[in-house]
Amino acid sequence: MDDIKISKKYSLPKEMKAWILKSPNELELKTKAIPTPSYSEVLVKIDAVAICATDLDVISYGPPALIEGEKPFNKEFTPGHEYMGTVVALGPSVDEFQIGDRVTVEIHSGCGQCKRCRMGMYTSCHNYGLNYGKKNKGHRANGFTSDGGFKQYAINHINTLIKVPDNMTDEEATLVVTAGTTMYGLTELGGLVAGESLVVIGPGPIGLLGVAVAKALGADPVILIGTRNDRLEIGKKLGADFALNVNEEDDIVNSVKSLVGDLGVDYVVECAGTEKALDDAIMMTNRGGKICLAAFPHDPIKVNIPHMVINNIYMYGIRGEGKSATHRAMAFMKQKRFNAKLVHTHTFKMNELPTALKYAKERIDGAIKVVIKPWE
Ligand SMILES: [Zn+2]
Ligand SMILES: [Zn+2]
């Protein structure tokens, strides 16, 4: 392809270092060929990648990763999906981005032709995982159905790129996709408007940035529920009006109602994924209120459906970051409406990935968001 523009400034080697997933929990450092960008694609030199709880699931358990229709093990697959970097080569016809642009990336590039993609819900693409052989529908989800970011270079569709302002650090830019996920859940899927009351259950990265985005959108009050006081304190700095430790309250549903009134809260963003948290969410939501499910329970869960039906309570799952919500999250972060950097606790080098994953998984030393910076 003679149309590809390659940087003179960034000399490109033929091969790169990449972590690949062998058996569950087994990663190996190898070399891979650097791929060539096709139409509507660019090559990104990865400058930082954050570890997400879903990466830990993919590495130890498999789903939601799906490589060639199967679990992602022993398929030369590189996980990692929350990355940012520098554009170093442009595919034919790409003029939306320039070589040298700093970009952070969304995970999903849908097939662009199914019903959901046509609605902008490309994270719910009906052709999820169909990106190989005769089943290639063009779907991509970095670190889930195609190669991810625990390596030096990645191909990205231009629809997945968000420009990073000069004054934003690489580490902060990796958090845009997490903030964008909560933005999608609250606004595009949830219809939140200013003045509605909101509870977030579970102060992990998505819950904490959910607090921040909800506050920036004008939710009032914003209440955070968790079990670790250090994380609840960070939630307050990100905009929670109240932070409740579930272990220190007699009845968390009553505690919430004492803050918002007996009718209950307008929105709950459920980021814990336990049966108790889900049932609490149902019981604290007011009639006609909404519950956004942002955690992945591994097993089916029993909850109070009759109460939901009688009270016209909506419950909806959120998968990823649709409808370009990441761009709106970036607008908030660029304007410094909240300090996302508060959730970034640790940084490791790319060759220390196994240690970094251990910190994230076991929450060593208060780890919340662990970011990997590349090899020198
Ligand atoms: Zn993630
Ligand atoms: Zn699609």
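Residues numbered from 1 in each chain as written. Chains lettered and ligands numbered in written order. Predicted model: local features only at pLDDT ≥ 70, side-chain atom pairs only at ≥ 80, totals over all residues.

1. A closer look at helix H10 (residues 325–334)
Turn by turn, an α-helix covers 3.6 residues, leaving residues three or four places apart pointing in a common direction. When H10 is considered as a whole, its buried residues turn out to be Ala325, Thr326, Ala329, Met330, Phe332 and Met333. Looking down the long axis of H10, one finds its buried residues gathered within 160 degrees of arc, a one-sided arrangement. Structurally, H10 contributes buried residues whose contacts are with strand S10 (161–163), helix H3 (170–173), helix H4 (176–188) and helix H5 (205–216). One or two residues past the end of H10 sits Lys336, with phi positive at roughly 55 degrees. (Buried ≥ 20, exposed ≤ 12 C-beta atoms within 10 Å, placed from the backbone. Helix = DSSP H or I, 4+ residues; strand = E, 2+ residues; numbered from the N terminus. Arc of directions from axis to C-beta. Contact = placed C-beta atoms within 7 Å.)

2. Some points on the nonpolar core
Ala179, Val199, Ala212 and Val213 are the most contacted members of the largest nonpolar core, which has 108 residues in total. With 8 residues, the single largest contributor to this core is H5. When sequence neighbours within four positions are dropped, the list of residues in contact with Ala179 reads Leu209, Ala212, Val213, Ala329, Met333 and Ala340. With 6 residues, the next largest nonpolar core counts Cys111, Met121, Tyr122 and Tyr128 among its residues. (Core = buried A, V, L, I, M, F, W, Y, C linked by C-beta atoms within 7 Å.)

3. As for the sheet that holds strand S15 (residues 285–293)
Overall, parallel pairing links the 6 strands, which are arranged S13-S12-S11-S14-S15-S16 in an open sheet. Two strands lie at the open edges of the sheet, namely strand S13 (242–245) and strand S16 (314–317), each paired on one side alone. On average, each strand axis in the sheet is inclined to that of its neighbour by 15 degrees, with strand direction left out of account. Pairing of strand S14 (residues 265–270) with S15 involves 5 bridges; the strand directions are parallel. Within the sheet, the bridge partner assigned to Val268 lies in S15 and is Ile291. Lying over the sheet, helix H8 (residues 275–284) contacts strand S11 (198–201), S14 and S15, oriented at roughly 165 degrees with respect to S14. (Pairing = 2+ DSSP bridges. Axes fitted to C-alpha atoms, helices over the stretch in contact; angles between N-to-C directions.)

4. Things to note about the domain arrangement of the chain
You can read the domains of the chain as domain 1 (5–107 + 142–174 + 341–373) and domain 2 (178–317). Taking only C-alpha atoms, the centre of domain 1 and the centre of domain 2 are 30 Å apart. Every contact between the two is made by 8 residues of domain 1 and, on the other side, 11 residues of domain 2. (Domains from an automatic or database assignment.)

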